[in-house]
Amino acid sequence: MKYINANTILPAALVKELQKYIQAGYIYVPAKDEQHKSWGELSGYREELKRRNQMIVSEYRQGTSVEELADRYYLSIYAVRKIIYQR
């Protein structure tokens, strides 16, 4: 996240008002609820995990053991079971 000097984007009156609450510090301004992105949505990682999990389920249904899947995908046996049984 890039920091922006408040003086460059906000009106002077608003900066002065903010300085009553915080000076020379950082403040986080969250996105509006309708603009909020879910985890992994921007990077595409969520979709990548979804594809991987579909592969795990598919291989399991074709007879690959949980232990073998755990080794192949570098996951714990517990994690593989969780992926299989949630589908």
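Everything quoted here is computed from the prediction, not taken from an experiment. (Residues numbered from 1 in each chain as written. Predicted model: local features only at pLDDT ≥ 70, side-chain atom pairs only at ≥ 80, totals over all residues. Heavy atoms only, no water.)

A. The overall build of the protein, seen in detail. On a plain count of helices and strands, the protein comes out with five helices and zero strands. Along the chain direction, N to C, the helices and strands of the protein fall in the order α-α-α-α-α. A compact globule built from 87 residues should have a C-alpha radius of gyration of about 12 Å, whereas the protein, at 23 Å, is more than 25% larger. C-alpha atoms of the protein, sized along the principal axes, occupy 65 × 25 × 20 Å. Per-residue burial for the protein yields a buried fraction of 17% across its 87 residues. If you take every contact in the protein between residues at least 6 apart in sequence, the share linking residues at least 24 apart comes to 32%. Accessible surface for the protein amounts to roughly 7800 Å². Of this, 53% is attributable to carbon and sulfur atoms. Across the protein, 14 positive and 10 negative side-chain charges occur, with their mean positions spaced 5 Å apart. (Helix = DSSP H or I, 4+ residues; strand = E, 2+ residues; numbered from the N terminus. Rg over C-alpha atoms; globule rule 2.2 N^0.38 Å. Buried < 20%, exposed > 50% of the residue type's maximum accessible area, 1.4 Å probe, protein only. Contact = heavy atoms within 4.5 Å. Areas by Shrake-Rupley, 256 points an atom, 1.4 Å probe, with all protein chains shown as cover. Lys, Arg positive; Asp, Glu negative; His and termini not counted. Charge placed at Lys NZ, Arg CZ, Asp CG, Glu CD.)

B. Structural context of the nonpolar core. Of all hydrophobic cores here, the largest spans nine residues; its members are I56, V57, V66, L69, A70, Y73, V80, I83 and I84. Of all elements in the fold, only α3 (45-61), α4 (66-73) and α5 (77-85) reach the threshold of two or more residues within this core. No other element matches α4, which puts four residues into this core. (Core = buried A, V, L, I, M, F, W, Y, C linked by side-chain atoms within 4.5 Å.)

C. Structural detail: α4. Every buried residue of α4 is listed here: V66, L69, A70 and Y73. Summarising the axial view, the buried residues of α4 lie within an arc of 100°, below the 170-degree limit, and thus occupy one face. After α4 finishes, the residue Y74 shows a positive phi value of roughly 55°. (Arc of directions from axis to C-beta.)

D. Representation of the confidence of the model for the protein. With 97% of its residues at a pLDDT of 70 or more, the protein shows a mean pLDDT of 91. Averaged pLDDT values over the elements of the protein bottom out at 93 in helix α1 (residues 6-9) and peak at 98 in α4. (pLDDT = per-residue confidence, 0-100.)

E. Summary view of unusual backbone geometry. Backbone geometry at A24 places phi at a positive 55°, although glycine is not the residue there. Inspection of the secondary structure assignment puts A24 in the loop between α2 (12-18) and α3. Looking at A24, the relative accessible area reads 92%, which means it is exposed. Phi angles above zero are rare outside glycine, and Y74 is one such case at about 55°.

F. Structural detail: a nonpolar patch on the surface. Residues Y21, I22, I27 and V29 make up a contiguous nonpolar surface patch of about 470 Å² in total accessible area. Residue position: I22 is located in the loop between α2 and α3. (Patch = residues over 30% accessible without salt bridge, like charges linked within 9 Å, V, L, I, M, F, W, Y side chains within 5 Å. Salt bridge = Lys/Arg side-chain N within 4 Å of Asp/Glu carboxyl O.)

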